[in-house]
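Secondary and tertiary structure notes
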Amino acid sequence: MAERQIWAPFADKYKVHEESYEFVRLMLETGIKPYSELGVDKAREQSRMRSCQFGGSVEFKGEEREIIIPSPYAAEGIPATIYKPDTAPEVPAIFVYYHGGGLVLCSRETHASALKVIASRSGAIVVNVEYRLLPNPESPYAPFDDAAAAAEWVLKNKEAVGGRFDSKVGVGGDSAGGQLTASVTNDVQGLDFQVLVYPLTDTLCKNPTFQEFKNVPGLNSDAIKWFFDNSLLYIPDYKTNPRINVMVRTNTELSPPALVLLAELDPLRGCGLDYAEKLRDAGVSVQCEVVEGVPHAFFTLITVFRTKTNEAYEHVVKFLKQFQ
């Protein structure tokens, strides 16, 4: 079968999970194309359709509402969706979340199912942030500005999102959202925790896993180049600016306690491990978990990675419960 052949170069060293084979089979069956064959608009539509099909829909019991977070960087403000589950305790934690997508793709919609599950199981309030995407030549730092502005506003307005004045507030995100999370902990003080799900933490891509998994299904070197071409290459200092490349940060001791959650068969696994070690060296409390046998992007694809998303969400849920 084609999916077995595609995973074959990695199957000798790693135990590829059956759900990863199913993921590739479905990508072939549904005609998912490499981003390099698509323009930004078509790539966004394909990403939305994949998320709807592979991410499914989740029943949510609780309060779900839309807000606009005021921002000094965007006159129209920053849209966000709040999920306050019926399971929320009297003093719930508040989890500000930034979706992945290479700073180019995805939205609140593509990550809604995963965040509803996490909110329901943890009891935490989740604030799902719709930051501006790249390319944005007029505002190349737009995602980073919006992410910081959203976190700052929530810290000052806990009760406006359904929390209490003494609720703990943290930030989190997957992939580029993890990059934004690490950036926010550099820009915003007073946060209580962070959750980094297979984050891009080194824009120099130095760790050997970038080479080891250069031809892996999904996020491979071709896809990473496409994302960089449409996002980071518009930022002149993306290699040296600690907001963008958090591996060059010098104040990591100010970071809040972290959960670093990685995918084993992922080019970004190595830089995630490197950043976890950087935080530890600075005295930050770090829990690092590697989900075995799965590629990048599995975290939100609930209908395909049924057991592996559950495994990942349990790590996040237990971590969040420490703060309420």
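Residues numbered from 1 in each chain as written. Predicted model: local features only at pLDDT ≥ 70, side-chain atom pairs only at ≥ 80, totals over all residues. Heavy atoms only, no water.

- The name recorded for the protein in an unreviewed UniProt entry is Carboxylesterase NlhH-like, from Biomphalaria glabrata.

**Some details on the overall build of the protein**
- Each helix and strand counted, the protein has 10 helices and eight strands in total.
- Relative to the 2.2 N^0.38 estimate, which gives 20 Å for 324 residues, the radius of gyration of the protein is 18 Å and therefore close to what a compact globule would have.
- Expressed along its principal axes, the backbone C-alpha trace of the protein runs to roughly 55 × 45 × 40 Å.
- Long-range pairs, those at least 24 residues apart, make up 75% of the contacts in the protein between residues at least 6 apart in sequence.
- Taking the average location of the 33 positive side-chain charges in the protein and that of its 42 negative ones, the two points are 1 Å from each other. (Helix = DSSP H or I, 4+ residues; strand = E, 2+ residues; numbered from the N terminus. Rg over C-alpha atoms; globule rule 2.2 N^0.38 Å. Contact = heavy atoms within 4.5 Å. Lys, Arg positive; Asp, Glu negative; His and termini not counted. Charge placed at Lys NZ, Arg CZ, Asp CG, Glu CD.)

**Concerning the UniProt feature "domain: Alpha/beta hydrolase fold-3" (unreviewed entry) in the protein**
- Look at the UniProt record and you will see "domain: Alpha/beta hydrolase fold-3" (unreviewed entry) annotated at residues 95-299.
- Helix and strand shares over residues 95-299 are 33% and 19% respectively, and the end C-alpha atoms of the span are 17 Å apart. (UniProt positions renumbered as here; feature names shortened; annotations may be inferred.)

**Comments concerning the packing of aromatic side chains**
- Evaluation of the coordinates by the stated rule reveals 19 aromatic pairs.
- In this structure, R4 is placed above the aromatic ring of Y21, and the distance from its NZ or CZ to the ring centre is 3.8 Å. (Phe/Tyr/Trp six-rings, centres within 6.5 Å; stacked < 30°, edge-to-face > 60°. Lys NZ or Arg CZ within 6 Å of the ring centre and 35° of its normal.)

**Focus on the packing of helix α3 (residues 40-55) against helix α4 (residues 108-122)**
- Two elements in contact, α3 and α4, have axes separated by 9 Å at closest approach and are oriented at 20 degrees. The angle between α3 and α4 places the two elements in the roughly parallel class. The two elements α3 and α4 meet at a crossing, and its hand is left-handed. Across from S47, R48, S51, C52 and G55 in α3, the residues of α4 making contact are E109, T110 and S113. (Axes fitted to C-alpha atoms, helices over the stretch in contact; angles between N-to-C directions. Parallel < 35°, antiparallel > 145°, perpendicular 65-115°, else oblique. Left-handed = near helix turned anticlockwise from the far one by under 90°.)

**Considerations on helix α9 (residues 269-281)**
- Across its 13 residues, α9 extends 19 Å between first and last C-alpha, which sits within 8% of the 18 Å expected from 1.5 Å per residue.
- In the segment just after α9, G283 is the residue with positive phi, at about 90 degrees. (Expected span 1.5 Å × (residues − 1).)

**Observations regarding the pattern of salt bridges**
- A full pass over the atoms with the stated rule returns 18 salt bridges.
- With a closest N to O distance of 2.8 Å, R4 and E18 form a salt bridge. With R4 in helix α1 (residues 2-11) and E18 in helix α2 (residues 18-30), this pair connects stretches of sequence that are 14 residues apart.
- Take R4: its relative accessible area is 33%, and that puts it in the partly exposed class. (Salt bridge = Lys/Arg side-chain N within 4 Å of Asp/Glu carboxyl O. Buried < 20%, exposed > 50% of the residue type's maximum accessible area, 1.4 Å probe, protein only.)

**Quick look at the sheet that holds strand β6 (residues 193-197)**
- Read across the sheet, eight strands follow the order β1-β2-β4-β3-β5-β6-β7-β8 without closing on themselves; strand pairing throughout is mixed. Each end of this open sheet is capped by a strand with a single partner; those strands are β1 (62-69) and β8 (286-295). On average, adjacent strands in this sheet sit at an angle of 20 degrees to one another, irrespective of strand direction.
- Judged from the five bridges that link them, strand β5 (residues 169-174) and β6 form a sheet pairing that is parallel. Each bridged residue has a counterpart across the sheet, and for V171 the counterpart in β6 is Q194.
- Sheet strands in contact with helix α6 (residues 176-187) are β3 (94-98), β5 and β6, and its direction is about 150 degrees off that of β5. (Pairing = 2+ DSSP bridges.)

**Observations regarding the side chain of N230**
- Looking at the element boundaries, N230 is found in the loop between α8 (221-229) and β7 (258-265).
- Here W226 takes part through its backbone oxygen, which lies 2.9 Å from a polar atom of the side chain of N230. (Polar contact = N/O pair within 3.5 Å; in protein donor to acceptor, adjacent residues only side chain to side chain.)

**Remarks on the confidence of the model for the protein**
- Overall, the prediction assigns the protein a mean pLDDT of 97, with 100% of residues at 70 or greater.
- Averaged over each element, pLDDT in the protein is lowest for α3 (93) and highest for β3 (99). (pLDDT = per-residue confidence, 0-100.)

**Regarding α3**
- Taking 1.5 Å per residue as the helical rise, α3 with its 16 residues ought to reach 22 Å, and the 21 Å between its terminal C-alpha atoms agrees with that figure.
- The complete set of buried residues in α3 reads V40, A43, Q46, S47, R50, S51, F54 and G55. Each buried residue of α3 lies within a common arc of 135 degrees when the element is viewed along its axis, so the set occupies one face. Exposed residues pointing more than 90 degrees away from the buried face of α3 are listed as D41 and K42.
- For α3, the secondary structure elements touched by its buried residues are α2, α4 and α8.
- One or two positions beyond α3, positive phi appears at G56, with a value near 65 degrees. (Arc of directions from axis to C-beta.)

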